[in-house]
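Here's the letter readout for the chains.
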Amino acid sequence: MAAAAVALIAISVRMAAVRDDKDMILRAETSLPAYQYRYSKIFNDINSKQLVSARKVGVEPVENREQASHGRLRRVESCRLYEVEPLTHSIPYLVPEAKRLLRDIGKGFRDSLAKYELKGFCPVVTSLTRTKDDVRRLQKSGNINASSNSCHFYGTTFDLSFTKFYKHGGIENRIVKSVLMKQVLAEVVENLHRQGRCHVKYEYKQACFHITVREDD
């Protein structure tokens, strides 16, 4: 078979797989309950509240990436439970308590999607630990999130996108958008929030759930 024909078949198969996923997500979304989360009211743990836990559980702010590889910080890498997007102003490290929380969110999300027969999807991590160098660079760029009082300093805090989710495996890996998945992620996070395992802030402008592990985790 000619190479061009093989390529066309491959493209056709990928397009069919994408359509199948979209159709399945659409069917699941039609079954959503009428009630929609009031996210900003449910997840409204202010920075000063989160900082208390961050300072108790976390590490002392590190100067740069080299320092982060020593001590209690643990590397966070993409897996089946979450996808770490390319980071420009943070580093892929968390303290063990926060890394465990992230994994539990990923597991809860996967299990909750199973009832909709959706498989292979996971949350996207958009920000993790910031070094002092990261904050200095953010401040120079004029970024409003470049706070010297950021919870991201302590290795206890991560951001999960609520506008994009990652699809593992199948024909191709890709980013998808889904109202259903946002609600499922919110339900998982709210359950852990009710258990006292985390503080959460709904950040509309940054399109993420800003999550800090609690001191009594």
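Keep in mind it's a predicted model, so treat the numbers as computed, not measured.

Calculation criteria
Residues numbered from 1 in each chain as written. Predicted model: local features only at pLDDT ≥ 70, side-chain atom pairs only at ≥ 80, totals over all residues. Heavy atoms only, no water. pLDDT = per-residue confidence, 0-100. Contact = heavy atoms within 4.5 Å. Phe/Tyr/Trp six-rings, centres within 6.5 Å; stacked < 30°, edge-to-face > 60°. Helix = DSSP H or I, 4+ residues; strand = E, 2+ residues; numbered from the N terminus. Buried < 20%, exposed > 50% of the residue type's maximum accessible area, 1.4 Å probe, protein only. Lys NZ or Arg CZ within 6 Å of the ring centre and 35° of its normal. Expected span 1.5 Å × (residues − 1). Axes fitted to C-alpha atoms, helices over the stretch in contact; angles between N-to-C directions. Parallel < 35°, antiparallel > 145°, perpendicular 65-115°, else oblique. Left-handed = near helix turned anticlockwise from the far one by under 90°. Nonpolar A, V, L, I, M, F, W, Y, C, P; charged D, E, K, R; others polar. Pairing = 2+ DSSP bridges. Polar contact = N/O pair within 3.5 Å; in protein donor to acceptor, adjacent residues only side chain to side chain.

It is worth spelling out the confidence of the model for the protein at this point. Per-residue pLDDT for the protein has a mean of 84; in total, 78% of the residues score no lower than 70. Counted against residues more than four places away or in other chains, residues 5-17, with its pLDDT under 50, gives seven contacts.

A full pass over the atoms with the stated rule returns eight aromatic pairs. With a centroid separation of 5.3 Å and an interplanar angle of 20°, the aromatic rings of tyrosine 39 and tyrosine 202 are classed as stacked. Here tyrosine 39 is found in helix H2 (residues 39-42), whereas its partner tyrosine 202 is found in strand S7 (residues 198-203), with 163 residues between them in sequence. The class of tyrosine 202 is buried, set by a relative accessible area of 12%. With a centroid separation of 6.4 Å and an interplanar angle of 80°, the aromatic rings of phenylalanine 153 and tyrosine 154 are classed as edge-to-face. For the pair shown, phenylalanine 153 and tyrosine 154 are each scored as buried. A cation sits over an aromatic face here: lysine 182 above phenylalanine 162, 4.2 Å from the ring centre.

Another point: helix H5 (residues 96-114). In this model H5 runs 27 Å from its N-terminal to its C-terminal C-alpha over 19 residues, within 8% of the 27 Å that 1.5 Å per residue would give. Three or more residues of H5 are buried, namely Glu97, Ala98, Leu101, Leu102, Ile105, Gly106, Gly108, Phe109 and Leu113.

On to the packing of H5 against helix H7 (residues 179-194). Put simply, H5 and H7 touch, their axes get as near as 9 Å, and they point 130° apart. It follows that H5 is oblique to H7 by the angle criterion. Crossing of H5 against H7: the hand is right-handed. Here Leu101, Ile105, Gly108, Phe109, Ser112 and Leu113 of H5 come into contact with H7, specifically with Met181, Val184, Leu185, Val188, Val189 and Leu192. Class assignment of the residues belonging to the contact of H5 with H7 gives a composition of 10 nonpolar, two polar and no charged.

Once that is clear, we can look at the pairing of strand S4 (residues 121-127). A regular strand places its side chains on the two faces of the sheet in alternate fashion. With six of seven residues buried, S4 is to be regarded as a mostly interior element. Taken together, the two bridges between strand S2 (residues 83-84) and S4 define a ladder with parallel strand orientation. Bridge pairing links glutamate 83 to valine 124 in S4. Of the pairings in the sheet, the one linking S4 to strand S5 (residues 157-167) comprises five bridges and is antiparallel in character. Bridge assignment links cysteine 122 to a residue of S5, and that residue is tyrosine 166.

In this model H7 runs 22 Å from its N-terminal to its C-terminal C-alpha over 16 residues, within 8% of the 22 Å that 1.5 Å per residue would give. Along H7, the residues that are buried comprise Leu180, Met181, Lys182, Gln183, Val184, Leu185, Ala186, Val188, Val189, Glu190 and Leu192. You can read the cap of H7 off the contacts: a side-chain oxygen lies 3.2 Å from the backbone nitrogen of leucine 180, and it is on serine 178. Once H7 finishes, glycine 196 follows within two positions and takes phi at roughly 80°, a positive value.

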